[in-house]
Amino acid sequence: MGMGIALLVSACVSDPPTSESSPTQSPTATPPSQRVSTITLVQLQQIPVDEGTSAIVLDPRTGIAYAATHAGDIVSVIDATRSTPVVRIVLPDAIEFGTGIGSVALAGDTLFLARTRINRLALLDIKTQLVRQLTPADLGVAAIAAVAGMSEQRVIVVAGETPQPLTTPRTTLLELDPAGQVVRRIALPTADAGLMGNLSAHAVAYDPPTRTLIALLNSSRAEEGRLAFIGPNGEQPSSLRPAPEGASTLLVDDARRRVYVLSEGKQAHLVALDLATGRQLIDTTLGFNVVGRGLDPRSGRLVLTTVDQTNQVLLFDTDRSQVLAMAPIPFDPYVHGVAVDALRARMFVSSRVKPAMVTVFRLP
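Computed from a prediction, not measured in an experiment: that's the story for all the values here.

What counts as what
- Residues numbered from 1 in each chain as written.
- Predicted model: local features only at pLDDT ≥ 70, side-chain atom pairs only at ≥ 80, totals over all residues.
- Heavy atoms only, no water.
- Pairing = 2+ DSSP bridges.
- Helix = DSSP H or I, 4+ residues; strand = E, 2+ residues; numbered from the N terminus.
- Axes fitted to C-alpha atoms, helices over the stretch in contact; angles between N-to-C directions.
- Buried < 20%, exposed > 50% of the residue type's maximum accessible area, 1.4 Å probe, protein only.
- Contact = heavy atoms within 4.5 Å.

Undergrad: A description of the sheet that holds strand S7 (residues 110-115) should follow, citing residues and the corresponding values.
TA: Strand pairing in a sheet is mediated by backbone hydrogen bonds. Such pairs are either parallel or antiparallel. The antiparallel open sheet is built from four strands, whose spatial order is S6-S7-S8-S9. Edge strands, defined here as strands with exactly one partner in the open sheet, are strand S6 (101-107) and strand S9 (131-134). In this sheet, neighbouring strand axes are inclined to one another by 25° on average, regardless of whether the strands run parallel or antiparallel. When strand S8 (residues 120-125) meets S9, the two strands line up antiparallel, connected through four bridges. Looking at the pairing, Leu123 lines up with Arg132 of S9.

Here it is, written out as C-alpha cells:
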C-alpha cells in the first residue's frame, strides 16, 4: 500500500480491439451471474469479531489482517496464519454510536483510520499499539472523509476544504507518510467540488509501475464522472478522462496494465480500460448486487461480494466474463470488507451484522 506520469491514459475509444486486447463484452451475452464454473472456494476459518466490523486491510509482510468497526471504534487484529486469538484494540474518544470508521489503510507500521463522525484521523502503531490522532487543522483541511492505501510507505487521505473566499467546498487529496506528515497536497478541479467518488476510499487507486495515482471524480456540474491521473510529483491531475456513468470503485491490475471501473449496487456494471492506451477492453453488466470488492493480483480475478437473495463471495474471471466460484458468507445487507493475501493465497471477507464474522477462504 505509493506519482509526471510515464503513460497517460487517453480517452476511451470505440476502435475495434487489437489482437492483444481482450474483446469488449457483448451486451447481449449471457449475464455473468448465469455462467458459473466448478472451482471450489474452500473456507479456512470463520473468526468472530465485534458487531459492526466492516473496513479491513491486510499487512502483506505478515499476513495479519486489521478489521475496524464502523460503529464501535474497535480494531480487531487477526493473525490467521497462527490461529491465535483475536486482539481487540479500543480507540480513544469513542462516542455512543461510534465515530464512523469508514476506511482503513496501512503504511509501514502505521494503521490509518478515518473517523468521520468526530472528524479525526487515527494513527495506530501496529507494533506498540499506541494511538495518536490528527485533526483537520493538523492537516490544513476542513474535513477528513476517507483514507486509502497507496504504496507500502504512503497513504492517501480524502479531505474536504473550503476555499477562500467562501464558495463551494472542494476535495483535496493528501499524501501522508507513516508518521502522518503531509508529503504532497493534490488539488482537484473546482468543477469536481466535494464529490470525489462520493468521498470514498474505493474511488482512489494506485499504479505502482508508473507511480500514478488515479482518482474517480463525480462532477458536481455533470452527471458523468471523470478519471483523474496524477503523476509521481504532481499537485494536480495531469490528465482527465471520462468515466462510466455511475462508477464508484477503482481497482488497478498493474500486472495486466488495466484499471477496472465498477458501479456497485443492483445490476452492477464493470468496465476495464487499458492503462497504456485508454482502450476499453471490457464493458459488461454483472447481473448481481455488488457491495464488496477486491483483486487477486496473481490471476487478475476480481473478488466480489453480493447481497441478492443470499450473501455470497464470488471469484470473477474478467477475460471470460465468468463467475468461476462462489461461496456463502454471513448475512450483511449493506457492505462487506474484502482483503486479499496473494502471497499466502487467502482472502478475508468481513460481515458486520451480528454475529459479526471475518471469513477466511483459500484462493484457488
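From this point on, the discussion continues.
Undergrad: Would you mind going over the sheet that holds strand S18 (residues 249-253) in detail, with residue names and values included?
TA: On the basis of which strands lie adjacent, the open sheet formed by four strands has the order S18-S19-S20-S21 and antiparallel pairing. Each end of this open sheet is capped by a strand with a single partner; those strands are S18 and strand S21 (280-285). Recorded for the sheet is a direction-independent mean angle of 15° between the axes of neighbouring strands. For strand S19 (residues 258-263) and strand S20 (residues 269-274), the ladder comprises six bridges, and the chain directions are antiparallel. For Tyr260, the partnering residue across the bridge sits in S20 and is Ala272.

Undergrad: Let's hear about the environment of Leu130: which residues, and what values?
TA: Checked against the element boundaries, Leu130 lands in the loop between S8 and S9. Residue classification places Leu130 among the exposed residues on the basis of a relative accessible area of 60%. Along the backbone, Leu130 and Ile89 are 41 residues apart, and their C-alpha atoms lie at a distance of 9.6 Å. Non-local contacts of Leu130, meaning those with residues more than four positions away in its chain, are made with Leu123, Leu124 and Asp125.

So, to be careful, I would describe these as geometric facts and stop short of saying anything about function.
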